[in-house]
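# Examination of the molecular architecture
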Amino acid sequence: MADSRQSDPSPFVRRLWLSDRQAVLDYFGRLDAETRANRFMGQVSEAGIRTYADQAMAARGVMFGAFLDGSLRGLGELRPGGPGSSSYFLGPVAEAAFAVERPFRRKGLGAALFARITQAARNRGVSDLHVRCFARNGPMIRLAARQGASLSRDGLEADGSLHLDRATPLSLWYESIAEAFDFTLSVTLPQSDKQDAA
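In this text, all values refer to a predicted model and were calculated from it rather than measured experimentally. (Residues numbered from 1 in each chain as written. Predicted model: local features only at pLDDT ≥ 70, side-chain atom pairs only at ≥ 80, totals over all residues. Heavy atoms only, no water.)

### Topic: the environment of D128
Stated formally: Every helix listed is a DSSP run of H or I at least four residues long, and every strand listed is a run of E at least two residues long, numbered separately from the N terminus. Under the scheme applied here, a residue whose accessible area is under 20% of the maximum for its type counts as buried, over 50% as exposed, and between as partly exposed, the area being computed with a 1.4 Å probe on protein chains only. A contact between two residues is defined here by any heavy atoms of the two lying within 4.5 Å.
Here D128 shows up in strand β5 (residues 128-134). Among the residues examined, D128 registers a relative accessible area of 27% and is labelled partly exposed. Expressed as a C-alpha distance, the spacing of D128 and L162, which sit 34 residues apart in the sequence, is 5.7 Å. In this structure, D128 is in contact with P92, V93, A94, L162 and H163, ignoring residues within four places of it in sequence.

Put into structure tokens, the structure is as follows:
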């Protein structure tokens, strides 16, 4: 009998752009109630989800999507913790947030998103990256710990803090190439997510 794990697709992570707006709206709409509550640290209505998803595409920071078979199944956001010196540099402190659709967990999507967000944060001047979650959110706490974050708990919440090295010319060059590739994919393959989500 063949090992079914050999057919599991590998996650592909890329930056999300305005052309991905519908895929992002569809993704947030598919999240179950518990995943939504964990992502937003509380209950959010359908209208609230749509409003947030719409505004998130234009908000300061960057968003990354984890895709399986061309469909957006995980989403990570990098947002500044305060004012920055430019639209690109986010300042020394930033926050990351993640969510993966329940049926597609344990496939490496969260780790792949975390790695890409860490790289983006480093290249945007972030030295302290934080991940907040409910203290009961074991998967997120384990993910942050595996990435080297120091964890603290305060009542119902937990905070993971990760110190990042400074960007190098090589890391900046690598990200510029990756983002050019990401943008090309976002405008040349826009129908994939819509067809799979339908």
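### With respect to unusual backbone geometry
Of note in this structure, D69 is not a glycine but carries a positive phi near 50 degrees. Note on placement: D69 falls in the loop between β2 (62-68) and β3 (71-80). Residue D69 is classed as exposed on the basis of its relative accessible area, which comes to 64%. Here R106, not a glycine, exhibits a phi torsion of approximately 65 degrees, which is positive. Of note, R106 is situated in the loop between β4 (93-100) and α4 (109-123).

### Quick look at the pairing of strand β7 (residues 157-163)
A regular strand carries its side chains on alternate faces of the sheet. Stated precisely, the cut-off is as follows: Criterion used throughout: strands pair if DSSP finds at least two bridges between them.
Sheet topology note: the β5/β7 ladder contains 7 bridges and is antiparallel. Bridge pairing in β7 links H130 to S161. As defined by bridge partners, strand β6 (residues 150-154) adjoins β7 across 5 bridges and the pair is classed as antiparallel. Across the sheet, D154 pairs through a bridge with E157, a residue of β7. Here β6 folds back onto β7 in antiparallel fashion, the turn holding 2 residues, of which G155 has a positive phi close to 70 degrees.

### Some points on the side chain of R73
Take R73: it is sitting in strand β3. Note on R73: relative accessible area 14%, which makes it buried. Excluding residues that lie within four positions of it along the chain, R73 makes contacts with Y27, R30, A66, L68, A99, V100, E101, F104 and L109.

### Structural notes on the environment of A97
For A97, the position within the fold is in strand β4. Each C-alpha atom, one on A97 and one on E77, is 5.2 Å from the other, the two residues being 20 residues apart in sequence. With near-sequence residues (within four places) excluded, A97 lies in contact with R39, L75, G76 and E77.

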